[in-house]
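Here is how the chains run, residue by residue.
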Amino acid sequence: MGRLTAIVLGAAAGGGVPQWNCRCEVCQLAWSGDPRVKPRTQASLAVSADNEHWALLNASPDLRAQIAANPDLHPHDNKRDGGKRSSPISAVLLTGAEIDQTAGLLNLRERSPFTLHATAATLAALADNPMFGALAANVVTRRAIVPGQRFALVAGLEAELFLVPGKVPLYLEGDDPDTASESAANVGIEISHGSSRLVYVPGAAAVTPAIRQRLDRADVVMFDGTVLTDDEMIRTGTGTKTGRRMGHMPLDGPDGSLAALAGLRARRIFVHINNTNPILIEGSPERMRVAAAGWEVAEDGLKVTL
Ligand SMILES: [Zn+2]
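Residues numbered from 1 in each chain as written. Predicted model: local features only at pLDDT ≥ 70, side-chain atom pairs only at ≥ 80, totals over all residues. Heavy atoms only, no water.

**Student:** What is the right way to look at the sheet that holds strand β14 (residues 303-305) in this model?
**Tutor:** Taken in spatial order, the 7 strands make up an open sheet running β6-β5-β4-β3-β2-β1-β14, and their pairing is mixed. Only two strands of the sheet have a single neighbouring strand rather than two, namely β6 (140-144) and β14. The average undirected angle you get between the axes of adjacent strands in this sheet is 20 degrees. Here 3 bridges tie strand β4 (residues 89-93) to strand β5 (residues 114-118), and the two strands are oriented parallel to one another. Its bridge partner lying in β5, leucine 93 is registered against histidine 117. (Pairing = 2+ DSSP bridges. Helix = DSSP H or I, 4+ residues; strand = E, 2+ residues; numbered from the N terminus. Axes fitted to C-alpha atoms, helices over the stretch in contact; angles between N-to-C directions.)

This is the structure:
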């Protein structure tokens, strides 16, 4: 019955590595071609149980290049009508409606059918933007998913969404956004195939006891690695917001993800890594510290089979 396969299409947070307008220490190394910092595209994961039908977890602005870089996602002849337009991508599942989670949908507008799964809140945010009407409703089926209810995603794979503390998309923020509560605007994904479980959480402001219990049952955990320290953007002169203000808990500190997720039995991989995060520099003290804690740092193209 095949095995659960996951491919990290993109390992970086919004902006990618290097980011177009950034010369922070990490981006500077990447711009100069230093082999210690591998370029990375914006976060997305592809999953399959049969290597023929794939689901994308989030659709990043880099999706077109990500498809090109991964032969598993290249188009094939249409088995039904013998035509030349068909894709192994048969579903997209969204964790939220941020630009870096959804803009890639616009790359999928050439009238090949797939199912778009997301919470009702996320689908409503997309429906409010007329540009996503390019994904014609009679070609791309929208399916509202209720968190906590397991559903069939693609052949052989089931999925379940669960609430994760976070925030609404940046473009929907008011002046004083709530960045730490649970709502259907920000969710994590559990993928299961038989008894194998992979959990994907690209954005989390905190780890609740319920989330920790779910991660304790997982075989592979891919978790929010946006910033190492809460004040990283401020300290590196790249921004004015803390990690938590952006809806992302830092790795470091007593309330950070390294402490909150200590002792997990799962294979642990940081994803959605911001270009300011020094764990992106191979051989750096920060990278060695997370490795010593049992964490991998995802790269584009990383393939995990359970
Ligand atoms: Zn940078």
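On we go from here.
**Student:** Mind showing me how you'd approach the pairing of strand β10 (residues 196-201) here?
**Tutor:** Looking along a regular strand, one sees side chains alternate from face to face of the sheet. Summarising burial for β10: 5 of the 6 residues are buried, a large majority. Hairpin remark: strand β9 (residues 187-193) followed by β10, antiparallel, with 2 residues in the connecting loop; positive phi at glycine 194, about 60 degrees. Remark: the β10/helix α5 (residues 209-216)/strand β11 (residues 220-224) crossover connection has right-handed handedness. (Buried < 20%, exposed > 50% of the residue type's maximum accessible area, 1.4 Å probe, protein only. Right-handed = clockwise from strand over helix to strand, strands pointing away.)

**Student:** In this structure, what is going on with a nonpolar patch on the surface? I would like to understand it.
**Tutor:** Together, Ile99, Val168, Tyr171 and Leu172 make up an exposed nonpolar region whose accessible area comes to about 370 Å². Considering the arrangement of structural elements, one finds tyrosine 171 in the loop between β8 (157-163) and β9. Exposure remark for tyrosine 171: the relative accessible area of 42% places this residue in the partly exposed category. (Patch = residues over 30% accessible without salt bridge, like charges linked within 9 Å, V, L, I, M, F, W, Y side chains within 5 Å. Areas by Shrake-Rupley, 256 points an atom, 1.4 Å probe, with all protein chains shown as cover. Salt bridge = Lys/Arg side-chain N within 4 Å of Asp/Glu carboxyl O.)

**Student:** What is the right way to read the coordination of the zinc ion from this model?
**Tutor:** Geometrically, a metal with four donors at the corners of a regular tetrahedron has ideal angles of 109.5 degrees, and one with six donors at the corners of a regular octahedron has ideal angles of 90 or 180 degrees. At this site the zinc ion is bound by Cys22 (SG), Cys24 (SG), Cys27 (SG) and Asn275 (OD1), with donor distances of 2.2 to 2.3 Å. Given 4 donor atoms and angles of 98 to 116 degrees at the metal, the environment of the zinc ion is assigned as tetrahedral. Positions of the donor residues of the zinc ion, expressed as sequence spacing, correspond to C-x1-C-x2-C-x247-N. Judged by its relative accessible area of 9%, cysteine 22 falls in the buried class. (Donors = N, O, S within 2.8 Å, 3.2 Å for Na, K, Ca; no water. Tetrahedral: all angles 85-135°; square planar, octahedral: opposite > 155°, others 65-115°.)

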